[in-house]
Amino acid sequence: MLHMRIRNQGGRKMSEAISVHQLEARQPSHVTVATASLIGTAIEWYDFFLYGTAAALIFNKLFFPTFDPMMGTLLAFATYALGFIARPLGGVVFGHYGDKIGRKTMLYLTLLIMGAATAAIGFLPTYETAGIWAAVLLVTCRLIQGFGLGGEWGGAVLMAVEHAPADKKGFYGSWPQLGAPLGLVLGTLVFSVVSAMLTDAQLLSWGWRIPFLFSIALVLVGLWIRFTIAESPEFQKVKDTKQEVKMPIVEAIRMYPKNILLAMGARFAENGFFYIYATFVLAYATQSLGMNKQDMLNGVLIGAAIETFTIPAFGALSDRLGRRPIYIFGAVFSALMSFPLFMLLSTKNPQYAWIAIVLGLAVGHAAMYGPQASFLSELFGTKVRYSGVSLGYNLASIFAGALSPLIATGLMTAYAPATWPISLYMIALAIITIVSVYFATETRKIAQP
């Protein structure tokens, strides 16, 4: 009898071991998950950034034609900023359900919402046919875009970070971060190709709609790819042990108020500088300096393309040296570039303009953006991580990315031809980030419960 019992127990243990092994075999590798997160975020950022390019070059003529060009651009950037205002709401809603239901389900929904809003912009009437209602519909689509993106980032980076090995979270966490420059490259490239193939009249008449409608095909690809990945193992452990909290966002604020504020501050330079380089510089160079539109689009394209290599490099470096030193380096470098940026642009030489954009994006921004996913994720515990990281990330977007092109354009209008007020504003953004990261905890070797 004792022999039989021991044999049965041994058989059960072996069966359980085989089941666990089979389950692990079915789990996609962290490389597969990081790749899927990257492709999904690239599609969503394509949708979001496409609006910024159109706002800088097209929307002032189509939706705000009764104003002078600079005021029309200011209004176009104002609608651009509204997308950021909706992002915290998306972060709260999707963060709540992401901490209760799961990261994967939220990624389906955010991709669908973003894709539908972007495609809808491609069908909008312009001011010529719908008057003020054209701008109202444009604003509505932008708000929906922001709502979807507010929930997207947290889920995508958590899938990559929570699947990654403990000593490579900075590197694999940087993969979904690549979605931003890749989305910018894709959006700028599609817009550049359409712009180059059509006359200005054709572009303003119907050509501008093509990049927005192209989003439909991209979203279908993204949904199929995201279907192949499994739920985050760290969240699945929380769910299996029934440790979910009823109100994740409330718990995140109660448990980590300081970290939410520091996460916000850490994003000011990263977020603000990116949109100055990716959108404001386009408007400034073409309208104030009279530079060629295609030359400037090419500069953004080159800078974003190079950044796809430097982001994972800085992410990997943060696994060795820590998140904070790499992040602070990026903020300091960005501050030091604030005056040279306009000095190089003022030459009206396309190659010098490209150097300024490349340094700003591929060095300054990449050094902050590379380790950002792992750094911010590691500031919060698993049970409220989606809510905490989404809140800190998206609240900063209102005060940094949303306002930076708007404030820079306002300063340019008020102090033209002087650019030093814009440079001082950029330095102020960098100081906020440097102070915030300095007072944050180094998270490289810390595992939050």
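About the thresholds
Residues numbered from 1 in each chain as written. Predicted model: local features only at pLDDT ≥ 70, side-chain atom pairs only at ≥ 80, totals over all residues. Heavy atoms only, no water. UniProt positions renumbered as here; feature names shortened; annotations may be inferred. 1 Å grid on protein atoms, 1.4 Å probe; cavity = no way out; pocket = protein on both sides within 12 Å on 5 of 7 lines; lining within 4 Å. Points joined across faces, edges and corners; volume = space filled by probe spheres on them. Helix = DSSP H or I, 4+ residues; strand = E, 2+ residues; numbered from the N terminus. Nonpolar A, V, L, I, M, F, W, Y, C, P; charged D, E, K, R; others polar. Domains from an automatic or database assignment. Contact = heavy atoms within 4.5 Å. Patch = residues over 30% accessible without salt bridge, like charges linked within 9 Å, V, L, I, M, F, W, Y side chains within 5 Å. Areas by Shrake-Rupley, 256 points an atom, 1.4 Å probe, with all protein chains shown as cover. Salt bridge = Lys/Arg side-chain N within 4 Å of Asp/Glu carboxyl O. Buried < 20%, exposed > 50% of the residue type's maximum accessible area, 1.4 Å probe, protein only.

Named according to an unreviewed UniProt entry, the chain is MFS transporter originating from Bradyrhizobium niftali. The record held by UniProt for the chain lists under Subcellular location (unreviewed entry) the comment "Cell inner membrane".

Q: Any chance you could break down empty space enclosed by the protein for me, citing the residues and the numbers?
A: Here the structure, examined in full by the defined rule, presents one cavity of 30 Å³ or more. What the largest cavity holds in volume is close to 60 Å³. What lines the largest cavity is simply Trp 45, Phe 49, Ala 180, Arg 267, Glu 270, Asn 271, Phe 274, Tyr 275, His 365, Tyr 369 and Tyr 393. Looking at the lining of the largest cavity, the elements with two or more residues in it are helix H2 (30–57), helix H16 (257–288) and helix H20 (350–377). Counting residues per element, the lining of the largest cavity draws most heavily on H16, which supplies five residues. In terms of residue class, the lining of the largest cavity is made up of seven nonpolar, two polar and two charged. Two domains each donate at least three residues to the lining of the largest cavity, and these are domain 1 (30–235) and domain 2 (245–448).

Q: So what about the side chain of Ser 377? Which residues, and what values?
A: Here Ser 377 shows up in helix H20. Beyond its immediate chain neighbours, meaning those up to four positions away, Ser 377 contacts Val 157, Leu 158, Val 161, Arg 385 and Val 389.

Q: Let's hear about a nonpolar patch on the surface: which residues, and what values?
A: Residues Phe 339, Met 343, Tyr 415, Trp 420 and Leu 424 make up a contiguous nonpolar surface patch of about 540 Å² in total accessible area. Breaking the nonpolar patch down by element, the ones donating at least two residues are helix H19 (338–346) and helix H23 (420–439). Structurally, Met 343 is set in helix H19. A residue is classified by how much of its surface remains accessible, and Met 343, at 55% relative accessible area, is exposed.

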